[in-house]
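Next come the chains, spelled out residue by residue.
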Amino acid sequence: MTDPAAEAARTTEAILADLRSGAHRGIVVDSPPGAGKSTLVVRAALELALAGERLMIVAQTNEQVDDLIVRLSASLFAARPDARIGRLSRGGFTAPPRLAALPNVVVASGLADLNDPLVTIATAAKWAHVRDEVWPWAIVDEAYQMRSDALLVLAARFERALFVGDPGQLDPFSTVENDRWRGLTWDPMQSAISVLLRNNPSVPVHRLPVSWRLPYSAQDVVASAFYPFTGFRTGTGPGERELGFRTAGHGVEDAVLTTAAKTGWSLVELPRRHTLRTDGEAVEAVAAIARRLLERGATARDGSAVTPVGPSRIAVGAAHRDQVAAIRAVLDHPEIVVDTANRLQGREYDVTVFLHPLSGRRDATAFHLEAGRLCVLASRHRQACIVVARAGIRDLLDAHPSSAPVHLGDPVKFPDGWAANQTMLAHLEPHTVSW
Amino acid sequence: MSAIAAYARALAVVEGVAQPITTVAHVHVAARPLVLVPLALAGEANAPLAAMVGTDPASPRLLIVPQPRDRQLRFAFAASLADVVLSYLDEFPVALAGEEPVAADAPQLWVPNRGGLAFLRLFGRSTRFRRTTGEYPVAPGVPVLGRWLTWFAERSEYPGASALLAATEVLGAHWATGQSALEDANLAALLGWIDPPAGSSAREAAREAEDPTVWPPAGPSTDPSFDNEVLAPAIAAYAEAPERSTARLERALRGQTFPTWELTWRAIELMRTLTPGGSVAVRWAADCRQYAGFHRWMAEDGLPQARRDGAVAAARRLLRLEWAQQEYTVSRSFDDPRVMADFRVTGEAFRGTVTEVDAERRVENENGNLVKRPLVVVRTEDPVHLAVGTAVGSPSRPKQSGRVLETDAGLVTVEIAKGLREALPRVGDDVTYSSVLSSGGRGPNLPPVEDTPWTHGGPPEPYVPTDEDAGETWE
Amino acid sequence: MPKLPPPDPRLALLRGSVPPKRHNARTIAALTTNPGCVRRAVLDTAGIDKDALARHLEFPAPFGQSSFAITRGNAFEAQLKADGCAELLTLLRETLELDLTEVAYADLESVGDNTSEDVRNTYSEQQLAHGGENTLFDHPLLRLIVAGQSVYLEPDLVAFQHQGRFHVVEIKSFAVIDGQADPSKVAAAAIQSAVYVHALRQLLGRPEAVADEVVLVCPKDFSNRPVATKVDVRKQLLVLDHQLKRMDDVDTLLSALPAGLSLGLAPGPDGTPTRPVGELTAALGEMSARYSPDCLSHCELGFFCRDEATGCTDALGTAVREQLGGVDTVAEALQLAQGTWAGDEYQAEVAAVLRTTARVFSETA
């Protein structure tokens, strides 16, 4: 087995070489969960900054923009103390405190007020209103979550671009159902990268090979369920990560935690029943497990370093907003993040607990089966992932009618949600704890 | 499927009749619509077989293609249909107000079902590129009809547009039946539930509607046994002796279209019994503007619409469709408490009684100035799932809006921030607040077509209609 | 392919003294359209003529075909296959840019006078396994194992071998207009093609020997000229594979049924069924159906099952059922909503939501 760090470094070097060569108008980097996407963005930004190239960075949400600024600020300051990062925001935006302290960051709602920074960064929605100016380079982050019509709007702003993103996460969506653009290589409902690659087949596609976030216990299942053709490896090997507890316990929650600690996974199975989305018992179970993690003083070992799993290192996920609202109300903990898969994209925690999107359902819809949703929920953790579900999902999947319409010329999206769910469930079943 | 619509379907089963899921009409119903009942030949790509068409329920006009595989006869049919449709359009003149084309009213087409919409779209596609000169000349009206039908079909994709309506879709948006949505696609069955004939239950009427010998399918697909037993011999007879056999074919096709013609008019009559919602006129005005704009385009240049949207056109259309979708959702809920009811079930809106109003409350804003921010406290039984800070608006005061400040045990406190010129609600008032609001805001600037970026394939070749398009095989 | 045990005698009993109805790609594909329906699984496995059954039950399936559609479909196929598939070859060469220079054509339909299925199948297998490069094979007779039973498939299929791989060509008569076709028809064609790909792979014993992109040939725009489009059927193959594996064992299906159960129509001397309808209905009641309104458009028994489901929330569609909290019957849902029945202990949440719905609905009358 080669050294994962060396393997990852070779990929980064190849990407930066492509960047320097100027041979390509576009470069795509696929990144499985936690494979160092942000680190790459910062590396690439520095590379361009040191070459004196003005750079625009496009992210999808304000949070992502601010995360990137925080990561980039210090490195840029060390390399080029004179260079500034301009954060373009909508009018009335108040910068969060974490930005205010940074010496090389300017925040303004108009380009003119940024006073010609070396790096300009904003959300895609904000970039859409910038006119006339052209940057020699752009970095587009989370480009698989960006709709291609958003790319169309701002493509004139850059000459060359590096697109990074995770192909396994949720696809962008529209509130409109319309098949009229199906099969077109510029279908506005497709992701920015999908359209870019179909129109520019010569654009090189790199793949970050190592997930530094996911523990070894997640490697095979997440790779086979969600990255069936490319796969990835984890940066840590067997036994390098470990979830521990400072106190003992003997309840059903503790059985769940023990399984999770031992195997990295736990499937909490509630009695089989068709329920509402906001299944009260399941919501209780999710909250109880999250609470128990804190009560037991959970710790995370990574190599030889042991750190406490505080509330900010735990995330709770669900498919629907009403489920999130119900869990928040029952859990009632200000620091534990409870959110939908959409909003957990790109984030990282020690332990995650999620309500399975198919729990308590009799029939599945495309929404509930979407591979990206399950992938986000099952790949946010560094130590362990706990899944709460009603029994019966296997039968639901087996009985699921596969009558999805097929559109000529539409790229076939892999992994298939139904198949990914089957793979995931087959993996989880041996780690079942009855609730 | 909304909770309200699902509950109404359950009620319909037990009550034995469809249940209204709206209190007003959410589409515009024209005073003089043009009804079109098309039939297509089975197995062919949208080959017209017949159409019953007209503006007067008492005097429909039947157009037929006696030999549907004959290209000449198809174009003769298209020419006759063009006569009917284009002279109907002439009833809606377009004038210029300054530079702007304006129309006081617009044409409205009704077809029986979604299949009818698809038929018009494809019929528009197969005729709009034709030319009146060259190798395969057609009558002057044919390519004009094609462009107009394409316009109507594209317009019908916009949520809330009423230029082209399908009876099943319109009825289904206003009533819930005691059967499934799939079965509602049968116009006769749907009307059987909404308005069962005397002496028959809705369920019986709906079952009877599935018998093609009682109720011929509403098209454009025909009943296979009709094809095999009636149509095929009649077409064969026509091939032998056209003059003697035309009447037989017409009789047969009239029998297949007339029941649907009557059903479509009944659907229109039913819709007329509903009061239009408050924003229907606003949306119809948009239809009129679009109509006037296209009318002008046809008068000036009138190139046929491209086969597929280019990258820029696609992005523009998607943004407009999304905008229309959001506006339609919001204005329907503001116009109609029963539509709003759905958001109350999901906790996105609530209705209740005002228990407290603090009209003079002032708070400091970002600039340190004191500004008026009144509070309204509402007691409600509804399950409110609104986070603190969520923006809300009220149908009774559409210009006034605010945000949720607190929710606690059936009491919701709303801070009013905008529209303070409008009177505040008073204690004891029955009010509704909803978080499903207009998105407003201007859309992004799309590049001109000639600047289509490399990411999307670069600028496309400008579309120039070709001889090949005009002479496209139609067999 | 393995030698199979003789058919389970219970299947013949279920069918009642008539030969089994032959499967085709469409019936195999039905495995994936409603895989949760036990009734459909039993009937299909036993090779029961569902159409005749439905007619006798007085719920005939309205799946008649117009002679116009049949004529057009046949004409299109005949045109493509004329002169040893000359037009089809041109199309494959031009559209798919295949280097098909010298192509042989082998029609596997007739094997001398002896046309038993076994013989034809063996001949097809030999020809396909040892056929030369660049050969178009027409009408092969393939064999599949469904629930432990041998099933012959007579696809309307052309398979051609190119650069060592077989490609399945599916000819359909629905139009492709400006690159788009009816997505439900394409979906049906894709799953049928997947059945062929699957059967061919079984026959050859090498999955990689058959491409997972099939070639769909349809009339172009409004003309009779063909257009070829590649369709990736990997997803369909995944589902098919999974469902066929689940049905490995016919015993699990049959052991749940009462001994001696028969759905035979007991045809009289003139072939007219004499079996009392009540008896048949009771027999069908032994195997649970999973009805959804979609069944009306693809299952011959759809109308029978719909009638049976009267008063059930299933009859209103899966989305309605979900909104009604997954409650089985309409009456129960309304009782919960109107507060006349509190429901079981675990239904408290459903009841609360339904009561809110009922309240706001009646409030806005």
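Thresholds applied
- Residues numbered from 1 in each chain as written.
- Chains lettered and ligands numbered in written order.
- Predicted model: local features only at pLDDT ≥ 70, side-chain atom pairs only at ≥ 80, totals over all residues.
- Helix = DSSP H or I, 4+ residues; strand = E, 2+ residues; numbered from the N terminus.
- Buried ≥ 20, exposed ≤ 12 C-beta atoms within 10 Å, placed from the backbone.
- Contact = placed C-beta atoms within 7 Å.
- Rg over C-alpha atoms; globule rule 2.2 N^0.38 Å.
- Expected span 1.5 Å × (residues − 1).
- Nonpolar A, V, L, I, M, F, W, Y, C, P; charged D, E, K, R; others polar.
- Pairing = 2+ DSSP bridges.
- UniProt positions renumbered as here; feature names shortened; annotations may be inferred.
- Axes fitted to C-alpha atoms, helices over the stretch in contact; angles between N-to-C directions.
- Domains from an automatic or database assignment.
- Parallel < 35°, antiparallel > 145°, perpendicular 65-115°, else oblique.
- Core = buried A, V, L, I, M, F, W, Y, C linked by C-beta atoms within 7 Å.
- Left-handed = near helix turned anticlockwise from the far one by under 90°.
- pLDDT = per-residue confidence, 0-100.

Q: Whenever I open this one, the overall build of chain C confuses me. Can you help?
A: A count of helical and extended segments in chain C gives 15 helices and eight strands. Overall size of chain C, expressed as C-alpha extent along the three principal axes, is 80 × 50 × 40 Å. Per-residue burial over chain C gives 43% buried out of 365 residues. Residue pairs at least 24 apart in sequence account for 62% of intrachain contacts in chain C once pairs closer than 6 positions are excluded.

Q: What exactly am I supposed to notice about the overall build of chain A here?
A: A tally of helices and strands in chain A yields 17 helices and 19 strands. Taken over the C-alpha trace, chain A has a radius of gyration of 22 Å; the compact-globule value for 435 residues is 22 Å, and the two agree within 12%. Based on the C-alpha atoms only, the size of chain A along its principal axes is roughly 60 × 50 × 50 Å. Expressed as a percentage of the 435 residues in chain A, the buried residues total 54%.

Q: Hey, could you run me through helix 6 (residues 117–130) of chain C in this one?
A: Side chains that are three or four residues apart share a direction in an α-helix, a result of its 3.6 residues per turn. Between its first and last C-alpha atoms helix 6 of chain C spans 20 Å; for 14 residues at 1.5 Å apiece the expected length is 20 Å, and the two agree. Next to the buried residues of helix 6 of chain C lie strand 2 (135–138), strand 3 (142–146), strand 4 (149–153) and helix 7 (183–204) of chain C.

Q: Mind showing me how you'd approach unusual backbone geometry here?
A: Cis geometry marks the peptide bond from Phe414 of chain A to Pro415 of chain A; its omega dihedral reads 0°. Its place among the elements puts Pro415 of chain A in the loop between helix 16 (393–398) and helix 17 (417–428). Cis geometry is found at the peptide bond from Gly219 of chain B to Pro220 of chain B, where omega equals -10°. With respect to the element layout, Pro220 of chain B can be found in the loop between helix 7 (202–209) and helix 8 (224–240). The phi dihedral of Asp332 of chain A is positive, around 50°, even though this residue is not glycine.

Q: Help me understand the interface of chain B and chain A in this model?
A: Note: interface size is frequently given as the accessible area lost on complex formation between the parts. With 24 residues of chain B in contact, the opposing surface of chain A contributes 26 residues. Here the residues of the side of chain B that touches chain A are counted per class, giving 12 nonpolar, seven polar and five charged.

Q: Which parts of the structure should I look at to understand the pairing of strand 3 of chain C?
A: Regular strands place their side chains on alternate faces of the sheet. Residues and elements named next belong to chain C. The alternating pattern of strand 3 places Leu142, Leu144 and Val146 on a buried face, while none of Arg143 and Ile145, on the opposite face, is buried. In this structure, strand 3 lies alongside strand 4, joined through five bridges in antiparallel fashion. Bridged to Leu144 within strand 4 is Val151. From the end of strand 3 to the start of strand 4, which pair antiparallel, there are two residues, and Ala147 there has a positive phi angle of about 50°.

Q: How do you make sense of the UniProt feature "domain: DNA2/NAM7 helicase-like C-terminal" (unreviewed entry) in chain A when you look at a structure like this?
A: Per the UniProt record, the feature "domain: DNA2/NAM7 helicase-like C-terminal" (unreviewed entry) sits at residues 283–390 of chain A. In the segment residues 283–390 of chain A, helix accounts for 36% and strand for 32%; the C-alpha atoms at its two ends are 11 Å apart.

Q: How should the sheet that holds strand 5 (residues 119–123) of chain A be read in this particular structure?
A: To summarise the sheet geometry, strands pair through backbone hydrogen bonds and adopt either a parallel or an antiparallel arrangement. Residues and elements named next belong to chain A. Strand order in the open sheet formed by eight strands is 4-3-5-2-6-7-1-8, and the pairing between neighbours is parallel. Of all strands in the sheet, those with a lone pairing partner are strand 4 (105–108) and strand 8 (205–207), marking the two edges. Neighbour-to-neighbour, the strand axes of the sheet open up by a mean angle of 20°, direction not taken into account. Sheet topology places strand 2 (residues 55–59) next to strand 6 (residues 135–140); four bridges connect them, and they run parallel. Paired with Met56 across the strands is Ala138, a residue of strand 6. In the packing of helix 3 (residues 62–79) onto the sheet, contacts are made with strand 2, strand 3 (85–88), strand 4 and strand 5, and the angle to strand 5 comes to roughly 160°.

Q: Looking at this structure, I do not really get the domain arrangement of chain C. What am I missing?
A: Once the domains are mapped, chain C shows domain 1 (67–238) and domain 2 (316–364). The C-alpha centroid of domain 2 of chain C is placed 50 Å from the C-alpha centroid of domain 1 of chain C.

Q: Explain the packing of helix 1 (residues 3–15) of chain B against helix 15 (residues 348–363) of chain C here, please?
A: Between helix 1 of chain B and helix 15 of chain C, the shortest axis-to-axis distance is 10 Å and the interhelical angle comes to 85°. In terms of their interaxial angle, helix 1 of chain B and helix 15 of chain C are classed as roughly perpendicular. Within the contact between the two elements, helix 1 of chain B uses Ala3, Ile4, Tyr7 and Ala8 of chain B and helix 15 of chain C uses Thr357, Ala358 and Phe361 of chain C.

Q: What should I look at first to understand the nonpolar core in this one?
A: Grouped burial of nonpolar side chains is what soluble globular proteins tend to show. Of all hydrophobic cores here, the largest spans 360 residues; its most connected members are Ala45 and Val286 of chain A. The biggest single contributor to this core is helix 7 of chain C, with 13 residues. For this core, the domains that each give at least three residues are domain 1 (67–238) and domain 2 (316–364) of chain C. Dropping the residues within four chain positions of it, Val286 of chain A is found in contact with Val316, Ile327, Val353, Leu355 and Val388 of chain A.

Q: In this structure, what is going on with the sheet that holds strand 15 (residues 314–318) of chain A? I would like to understand it.
A: All names here are of chain A. Strands sit in the order 16-15-17-18-12-19 across an open sheet of six strands; the sheet is parallel. Since the sheet does not close on itself, it has two edges, and those belong to strand 16 (337–340) and strand 19 (432–434), each with one partner. Adjacent strand axes in the sheet meet at a mean angle of 20° when their direction is disregarded. Inspection of the sheet shows strand 17 (residues 349–355) paired to strand 18 (residues 381–390) by six bridges, in the parallel sense. Within the sheet, the bridge partner assigned to Val353 lies in strand 18 and is Ile386. Across the face of the sheet, helix 11 (residues 280–295) comes into contact with strand 12 (265–270), strand 15, strand 17 and strand 18 while running at roughly 165° to strand 17. Across the face of the sheet, helix 12 (residues 321–331) comes into contact with strand 15, strand 16 and strand 17 while running at roughly 165° to strand 16.

Q: In this structure, what is going on with the pairing of strand 3 of chain A? I would like to understand it.
A: All names here are of chain A. Residues Ile85 and Arg87 of strand 3 are buried on one face, and the alternating residues Gly86 and Leu88, pointing to the opposite face, are buried as well. Pairing of strand 3 with strand 4, which is carried by four bridges, proceeds in the parallel orientation. By the bridge assignment, Arg87 is partnered in strand 4 with Val107.

Q: Looking at this structure, how should I read the environment of Pro311 of chain A?
A: Residues and elements named next belong to chain A. With respect to the secondary-structure elements, Pro311 resides in the loop between strand 14 (305–308) and strand 15. With 26 residues separating them in the primary sequence, Pro311 and Val337 have C-alpha atoms 8.1 Å apart. Setting aside chain neighbours within four positions, we find Pro311 in contact with Leu294, His333, Glu335 and Ile336.

Q: Explain the packing of helix 2 (residues 71–89) of chain B against helix 4 (residues 141–155) of chain B to me, please; I cannot follow it from the model alone.
A: A pair of packed helices is captured by two measures, namely the crossing angle of their axes and the spacing between those axes. Residues and elements named next belong to chain B. Two elements in contact, helix 2 and helix 4, have axes separated by 8 Å at closest approach and are oriented at 65°. Two packed elements cross with a definite hand, and for helix 2 against helix 4 that hand is left-handed. Residues Phe75, Ala78, Ala79, Leu81, Ala82, Asp83, Val85, Leu86 and Leu89 of helix 2 form the contact with helix 4, whose own contacting residues are Gly141, Val142, Val144, Leu145 and Trp148. Residues belonging to the contact of helix 2 with helix 4 are distributed by class as follows: 12 nonpolar, one polar and one charged.

Q: Would you explain the confidence of the model for chain C in this entry?
A: Low-pLDDT portions of the prediction should not be read for the details of their coordinates. Mean pLDDT for chain C: 87, with 94% of residues reaching 70 or above. Mean pLDDT across the secondary structure elements of chain C bottoms out at strand 5 (residues 157–162) of chain C, with 75, and peaks at helix 12 (residues 302–308) of chain C, with 96.

Q: Looking at this structure, how should I read the environment of Tyr349 of chain A?
A: Mapped onto the elements of the fold, Tyr349 of chain A is located in strand 17. The sequence separation of Tyr349 of chain A and Arg213 of chain A amounts to 136 residues, and the corresponding C-alpha distance is 8.8 Å.

Q: Please clarify how helix 17 of chain A should be interpreted in this entry.
A: Helix length check: helix 17 of chain A (12 residues) gives 16 Å between terminal C-alpha atoms against 16 Å at 1.5 Å per residue, within 8%. Residues of helix 17 of chain A that are buried: Gly417, Trp418, Ala419, Ala420, Asn421, Gln422, Thr423, Met424, Leu425 and Leu428 of chain A.

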